[in-house]
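# Coordinates in review
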Amino acid sequence: MKTPAGLAVIALALLVLPMSAGFAQSVPAGTAKNAVGVLVVVRTDGVETRLRGRGALRVFEGDTLRMDGGGKALIETAEGIQLAVNGDSVVQVLSRWEKEQGVTRVVRIQRGEVWARISDARRGLEVETPVGVLAARAAEVNVRLVSDNEAVATVVTGVGEFSTPFATCQLRAGTMSFGRRSQACTPPTATDVRTVIGWSRPLLP
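Since the model is a prediction, treat every value here as computed from it, not as a measurement.

Thresholds, definitions, all that
Residues numbered from 1 in each chain as written. Predicted model: local features only at pLDDT ≥ 70, side-chain atom pairs only at ≥ 80, totals over all residues. Heavy atoms only, no water. Buried < 20%, exposed > 50% of the residue type's maximum accessible area, 1.4 Å probe, protein only. Helix = DSSP H or I, 4+ residues; strand = E, 2+ residues; numbered from the N terminus. Pairing = 2+ DSSP bridges. Core = buried A, V, L, I, M, F, W, Y, C linked by side-chain atoms within 4.5 Å. Contact = heavy atoms within 4.5 Å. Disulfide = S-S within 2.5 Å.

## Description of the pairing of strand E9 (residues 150-157)
When you tally the buried positions in E9, you get 7 out of 8 residues, the bulk of the element. In this structure, strand E8 (residues 140-147) lies alongside E9, joined through 7 bridges in antiparallel fashion. Looking at E9, one finds that Glu-140 is bridged to Thr-157. Hairpin remark: E8 followed by E9, antiparallel, with 2 residues in the connecting loop. Bridge analysis of E9 against strand E12 (residues 175-180) gives 6 bridges, and the strand direction is antiparallel. Note that in E12 the partner of Val-152 across the bridge is Phe-178.

Put into structure tokens, the structure is as follows:
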């Protein structure tokens, strides 16, 4: 038989849990500022909102972003990181907190291509793909998911680390590396970054 104190604890738990879930869904992650085409933002509860052209559409922790019918879009994260998605991209916006590093913004690519510029060396970014992760600070980077089995990471300015389960490749400005499932990342090679990031330029202010 439950005591009055026990019933009170259960009642309190039932009240607190839904509010905690709702609070988690409302943690700001950034703002979508420009879309060429239609950017669809899917909330964690399944609700969809859209942005076409210039505007200010809030993005929250855990939201999934996708381009409806292709196009490209620009988002500025809460940390001041510029982030763009291209083509038929589908990405999820997340974060991770560590005591020594603080908040690291995490962008998980399910499909497509992501460009990012991190101006503050104190702010970290990780771009996740099924085959590898590109981590950078104070850098401009581009990651394209070629298929579920292959991704290409490019560092435009600054430096970055492209890690697969089998190796970590240090990328300097103007270099790229391929990651393939069940293989190590390829040694960095020079590339013409203008052809890699040209799609992102019309989005910038």
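## What about the nonpolar core?
What tends to happen in soluble globular proteins is that the nonpolar side chains get buried as a cluster. The biggest cluster of nonpolar side chains holds 38 residues, and the ones touching the most others in it are Leu-39 and Leu-65. Considering each element in turn, this core owes the most residues, 5 residues, to strand E1 (residues 28-42). Discounting residues that sit within four places of it in the chain, Leu-39 has contacts with Ala-32, Thr-49, Arg-50, Leu-51, Leu-65, Arg-66, Met-67 and Ala-73. Among the nonpolar cores identified, the runner-up in size contains 10 residues, and Ala-84, Val-196, Trp-199 and Leu-204 belong to it.

## A look at the state of the cysteines
The tally for this structure, following the rule as stated, stands at 1 disulfide. Put simply, Cys-169 and Cys-185 are joined by a disulfide, and their sulfur atoms are 2.1 Å apart. The disulfide joining Cys-169 to Cys-185 has a torsion of about 100° about its S-S bond and is therefore right-handed. Here Cys-185 lies in the loop between E12 and strand E13 (189-190) and Cys-169 lies in strand E11 (residues 167-172), a separation of 16 residues in the sequence. Looking at Cys-185, the relative accessible area reads 7%, which means it is buried.

## Let's talk about the pairing of E1
Moving residue by residue along a regular strand, the side chains alternate between the two faces of the sheet. Taken across its 15 residues, E1 has 11 buried, putting it largely inside the fold. In textbook terms, the turn of a hairpin is the stretch between consecutive antiparallel strands, and for E1 and strand E2 (residues 48-60) this stretch comprises 5 residues, one of which, Gly-46, has a positive phi near 90°. Strand direction decides the pairing type here: E1 and strand E3 (residues 64-77), joined by 12 bridges, are antiparallel. For Val-42, the partnering residue across the bridge sits in E3 and is Thr-64.

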